[in-house]
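Single-letter residue listing:
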Amino acid sequence: MRRLRVASSLLFLSGFLLLYYAYLLSSPIYLTFAIFNMGLAYGVGIENKTAIKVALIYAAVTFFFSLLFLISGNLMAFVEVAISFFIIHDILGYIKAVVREEEEREKGTAGGVSEPTSE
């Protein structure tokens, strides 16, 4: 089962939009964040734990600031708010599923059934 498909796709989409802004405005800052987003998309796609944690924090900060821009009247910030929201939702759902799997695995070993060792 391939998990975090939505989060990695949306991080790549966000990076692509930032790449467009970098080209349009000739800004190295947008280029830096575009590369960062695409790197996070790759890390989340291969389910790297550090990349998932960084992506969750990054999406939360982006969601917060984009929401402030949306409240102040910038309607174009709605796209970034939606993207960040769905990234956060997908990552939190993944974390919930992983915790549930680990709890089931612990219940299986605690009930007297031990996992085979490779000795």
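Look up: the structure comes first, before these words.
Read on for a plain summary of the structure. Model, not experiment: these values are computed from the prediction.

**Remarks on unusual backbone geometry**
Negative phi is the rule for most residues except glycine; trans is the rule for most peptide bonds. Positioned with a positive phi, serine 26 is a non-glycine residue whose angle comes to about 50°. Mapped onto the elements of the fold, serine 26 is located in the loop between helix H1 (5-25) and helix H2 (28-45). Residues other than glycine seldom take positive phi values, yet glutamate 47 does so here, at roughly 60°. Of note, glutamate 47 is situated in the loop between H2 and helix H3 (49-71).

**A look at the packing of H1 against helix H4 (residues 77-110)**
At a closest axis distance of 8 Å, the pairing of H1 and H4 adopts a crossing angle of 150°. Considered as vectors, H1 and H4 are oriented roughly antiparallel to each other. In the crossing of H1 with H4, the sense of the turn from one axis to the other is left-handed. Between H1, through Arg5, Val6, Ala7, Leu10, Leu11, Leu13, Ser14 and Leu17, and H4, the contact on the second element is made entirely by Val79, Glu80, Ile83, Phe86, Ile87, Asp90 and Ile91. For the contact of H1 with H4, the residue count by class is eleven nonpolar, one polar and three charged.

**With respect to the packing of aromatic side chains**
One pass over the structure, following the stated rule, counts seven aromatic pairs. Considering the side-chain rings of phenylalanine 64 and phenylalanine 65, the 5.3 Å spacing of their centres and the 70° angle between planes classify their relative orientation as edge-to-face. Given a relative accessible area of 46%, phenylalanine 64 falls into the partly exposed group. Relative accessible area serves as the criterion here: at 45%, phenylalanine 65 is assigned to the partly exposed category. Grouped by ring-pair contacts, the aromatic residues Tyr20, Tyr21 and Tyr30 constitute a single cluster.

Reading the values: the criteria
Residues numbered from 1 in each chain as written. Predicted model: local features only at pLDDT ≥ 70, side-chain atom pairs only at ≥ 80, totals over all residues. Heavy atoms only, no water. Helix = DSSP H or I, 4+ residues; strand = E, 2+ residues; numbered from the N terminus. Axes fitted to C-alpha atoms, helices over the stretch in contact; angles between N-to-C directions. Parallel < 35°, antiparallel > 145°, perpendicular 65-115°, else oblique. Left-handed = near helix turned anticlockwise from the far one by under 90°. Contact = heavy atoms within 4.5 Å. Nonpolar A, V, L, I, M, F, W, Y, C, P; charged D, E, K, R; others polar. Phe/Tyr/Trp six-rings, centres within 6.5 Å; stacked < 30°, edge-to-face > 60°. Buried < 20%, exposed > 50% of the residue type's maximum accessible area, 1.4 Å probe, protein only.

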